[in-house]
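Remarks on the overall topology
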Amino acid sequence: MDIVIENLTKRYGPQKAVDNISMRVATGEILGFLGPNGAGKTTTMKMITNYIAPDEGNIFIGGKPVTENPHEIRKHIGYLSENNPLYQEMPVIDYLSFCAEIQGVEKNKIPGRVIEMIRLTGLNREKHKKIGELSKGYQQRVGLAQAIIHNPKILILDEPTSGLDPNQIVEIRKLIRELGREKTVILSTHILPEVEATCDRIFIINKGKIVADGTADSLRKQARGSEILRVRIEDGQPDQIYKALQSVRSVSIVEFADRNLNRFDIHCSAGDVKREIFKLCVEKQWVLTELTPYETKLEDIFRDLTMN
Amino acid sequence: MKTIWLITKRELNSFFDSLTAYIMIVLFLGFSGFFTWISGSDIFLMGQASLRSFFTIAYWTLFFFIPALTMKLIAEEKKTGTIEILLTKAVTDRQVILGKYLATLILISIALAFTLPYVVTVSKLGNIDAGGVLCGYLALLLMSAAYSSIGLFTSSITNNQIVAFLSALFIGLFFHIIFEIIASGMSGLAGQIINSLSVTYHFESLSRGVVDSKDLVYFGSIIFMGLFLTEVSLAKRNGYK
């Protein structure tokens, strides 16, 4: 099942929380939904799950509008909401069975599903406790378990790894990746490395508007349009080297990173710049001791796109 | 129907897990038992094999207890946010509302069932009017159903349980006594109309032992209005009009 969103708008009073967003998420794709606080991520997700209705625009899941027969479509959606609200007074097993049953899992399959979820999310030691007695990390696992217990085709996860320790984060990311092979997943997060680690595609919104859409690599290219190389060349005069480097084809800017160590940052558009630099050094009998492609960090892209 | 029952079961469990149910049943039996058998215008003072005094007491105790039961039903879920998880599952708003409503009615019925020994005791004391007793219980159940639907509605308009409790009492007060008081100061058609809005009027007419369709329609309308408004107020979250 895919998700198609067309010209989605939601207003809270005069403020537009979501402003004319369109996107498409294909089956088996994991979409990372990024944006600063208050950008409209959660509102969009609530509209996809049909908890709130959009003011304008349409959402189609598997080709059908979500508002048409919400109660049928919700059977295919697993939703983990932002603050992970759970019935604190319910024991873990009871809660998971309740969720399975209400989502229409066949009665004889429920115990099996519950056990599977408990194993999958590592809740085995805590399964007899009441949810309110669990730590935040374990509650987060319960939240995830209730979202996937009915084996939904679509997963909407609002900050799935918040409150988890680093080991748990790695486990949960792995789990999401596995789930994402056959399901359509939308996950929102503030943690940028998480997006790179789990998502196929990144979608950045700011103040309700789309500011970027693409893979991590394509966003990097788009953001800078160039590559940065850090080079250290020994056995030569800094100024001489500087001039020589500037004359290399496709190099746009050369900066001194450290004059004393003969270190340079070279901004270049695509092309065989690394080869050219090597040839240049051979020709002039310089020694090339460092050549590192310098990646633009996703953090920088994010900041560039959302700060203004 | 299966989904409604599922929600009802969960609500009932939550009533019993949180001790609300036990406290409610013990207090209800304590109050009604005390005033029926021991103090005030109790059965022995009346000198009749009748449960009239019990019905009057239960009429008042339920009036206060029902808002206490219903106040958390939706308000608490709104406060903790669990309503969002519940309503994004394969349920309709209506199923959630009916499930919660049914749970309240079942709990009240359980409390009322515990007073059945009163009936047995009184019937041993003298010749009891079986029809009257049956109608009395029916009146109590219908009245509870009406106040539960009002309570459910006030619980849906706020995420503060105290506000839900007080608003339910406030609205209930009109039906319980205010309409009656206003009507007593008026004569003619206006007085009759206002009096017919009073729960007391219909409760007494029913517990006298006559099942009149007017009374059934009256309670039915309050229940319907309460549940309908609850649904409207839940739907307001998403701008559906």
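Residues numbered from 1 in each chain as written. Chains lettered and ligands numbered in written order. Predicted model: local features only at pLDDT ≥ 70, side-chain atom pairs only at ≥ 80, totals over all residues.

Right, let's get into the overall build of chain B. Along its length, chain B carries 12 helices and zero strands. Reading the secondary structure of chain B in the N-to-C direction produces α-α-α-α-α-α-α-α-α-α-α-α. Expected size for 241 residues packed as a compact globule is a radius of gyration near 18 Å; at 19 Å, chain B falls within 12% of this value. Projecting the C-alpha coordinates of chain B onto the three principal axes gives extents of approximately 55 × 45 × 30 Å. In chain B, which comprises 241 residues, the share counted as buried stands at 42%. (Helix = DSSP H or I, 4+ residues; strand = E, 2+ residues; numbered from the N terminus. Rg over C-alpha atoms; globule rule 2.2 N^0.38 Å. Buried ≥ 20, exposed ≤ 12 C-beta atoms within 10 Å, placed from the backbone.)

Size of an interface, as often reported, equals the accessible area lost when the parts are brought together. On the side of chain A, 21 residues touch chain B, which itself brings 21 residues to the contact. For the side of chain B that touches chain A, the secondary-structure elements that each account for two or more residues are helix 1 (2-17) and helix 5 (82-87) of chain B. Ranked by the residues each element gives to the side of chain B that touches chain A, the list is headed by helix 1 of chain B, at five residues. (Contact = placed C-beta atoms within 7 Å.)

Read across the sheet, four strands follow the order 2-1-4-5 (chain A) without closing on themselves; strand pairing throughout is antiparallel. Among the strands making up the open sheet, the edge pair consists of strand 2 (15-25) and strand 5 (64-65) of chain A. (Pairing = 2+ DSSP bridges.)

Before going further, it helps to examine the confidence of the model for chain B. Residue and element names in this part refer to chain B. Taken residue by residue, chain B gives an average pLDDT of 89. The fraction at 70 or more is 98%. The weakest mean pLDDT in chain B belongs to helix 3 (residues 43-46) at 73; the strongest belongs to helix 6 (residues 93-113) at 94. Reported confidences for the modelled complex are a pTM of 0.84 and an ipTM of 0.86. (pLDDT = per-residue confidence, 0-100.)

All names here are of chain B. The geometry of helix 2 (residues 20-38) relative to helix 6 is characterised by a closest axis approach of 9 Å and an angle of 40 degrees between their N-to-C directions. Like other packed secondary-structure pairs, helix 2 and helix 6 cross with a definite hand, here right-handed. Together, Ala-21, Met-24, Ile-25 and Phe-28 of helix 2 and Leu-107, Ile-110 and Ala-111 of helix 6 make up the contact between the two elements. (Axes fitted to C-alpha atoms, helices over the stretch in contact; angles between N-to-C directions. Left-handed = near helix turned anticlockwise from the far one by under 90°.)

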